[in-house]
Every structure is written in structure tokens, then in C-alpha cells.
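What follows is each chain in one-letter form.
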Amino acid sequence: MNFSQLDPKEIEYISTLEWEPLMIYLEKKYGIEFKEDFVTGLKNKIQNQFDEAGEKWKN
């Protein structure tokens, strides 16, 4: 399952959760693999944003 396939109301709800409750919710509802994929995707997205910002700053 992809994060974008979640119900919009559920996305709205989980966006209000702190990090630990969010991780618990995702693991209990969708399993550890989904939770780990979510974390990995988020880390990659943040790293890409940092890399792009660094490139813009250099230029």
C-alpha cells in the first residue's frame, strides 16, 4: 500500500499525531513493513530537499 492510497480523512487524522504515536498507529494498522517504508520515504524526501537547497545556495 502506498501512503497516497489512504483515505483523506485518515491522512488528516494521522497528520495530527506526534512521531511516536504515528509510528505505533502505522505499525498496528498497516504492519511494520509499511511503517518502515514510510520512514524511509520520508527520510529520502527530506534528504533530497536538503541536497536541492544546498545546490541552490551554492549557485
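This write-up is about the structure you can find in this document. (Residues numbered from 1 in each chain as written. Predicted model: local features only at pLDDT ≥ 70, side-chain atom pairs only at ≥ 80, totals over all residues. Heavy atoms only, no water.)

Now for the overall build of the protein. When its secondary structure is counted, the protein shows three helices and zero strands. Counting helices and strands in the order they occur from the N terminus, the protein gives α-α-α. In terms of overall size, the protein is more extended than a compact globule, its C-alpha atoms giving a radius of gyration of 14 Å where 59 residues would be expected to give roughly 10 Å. Dimensions of the protein, computed from the C-alpha atoms along their principal axes, are close to 45 × 20 × 20 Å. Across the 59 residues that make up the protein, the buried fraction comes to 17%. Taking the 8 positively charged and 12 negatively charged side chains of the protein as two groups, their mean positions are separated by 3 Å. (Helix = DSSP H or I, 4+ residues; strand = E, 2+ residues; numbered from the N terminus. Rg over C-alpha atoms; globule rule 2.2 N^0.38 Å. Buried < 20%, exposed > 50% of the residue type's maximum accessible area, 1.4 Å probe, protein only. Lys, Arg positive; Asp, Glu negative; His and termini not counted. Charge placed at Lys NZ, Arg CZ, Asp CG, Glu CD.)

On to the packing of helix H2 (residues 19-30) against helix H3 (residues 32-58). For any two helices packed against each other, one specifies the inter-axial angle together with the distance between the axes. Put simply, H2 and H3 touch, their axes get as near as 6 Å, and they point 135 degrees apart. One finds that H2 runs oblique with respect to H3. Note on element contacts: H3 touches H2 through Ile32, Phe34, Lys35, Phe38, Val39 and Leu42, opposite Trp19, Leu22, Met23, Leu26, Glu27 and Tyr30. Counted by class, the contact of H2 with H3 contains 10 nonpolar, no polar and two charged residues. (Axes fitted to C-alpha atoms, helices over the stretch in contact; angles between N-to-C directions. Parallel < 35°, antiparallel > 145°, perpendicular 65-115°, else oblique. Contact = heavy atoms within 4.5 Å. Nonpolar A, V, L, I, M, F, W, Y, C, P; charged D, E, K, R; others polar.)

Now for the pattern of salt bridges. For the structure shown, the criterion picks out three salt bridges. Glutamate 27 is the partner of lysine 35 in a salt bridge, and the nearest nitrogen-oxygen pair spans 3.1 Å. Here glutamate 55 ties to lysine 58 by a salt bridge, and the two come within 3.9 Å at their closest N and O atoms. Of the two residues, glutamate 55 and lysine 58 both sit in helix H3, three residues apart, roughly one turn of that helix. Note on lysine 58: relative accessible area 66%, which makes it exposed. (Salt bridge = Lys/Arg side-chain N within 4 Å of Asp/Glu carboxyl O.)

The next point concerns the nonpolar core. Core analysis: the biggest nonpolar cluster contains eight residues, these being Leu6, Ile14, Leu22, Met23, Leu26, Phe34, Phe38 and Val39. Elements with a minimum of two residues in this core: H2 and H3. (Core = buried A, V, L, I, M, F, W, Y, C linked by side-chain atoms within 4.5 Å.)

All we've got here are geometric facts, nothing functional implied.
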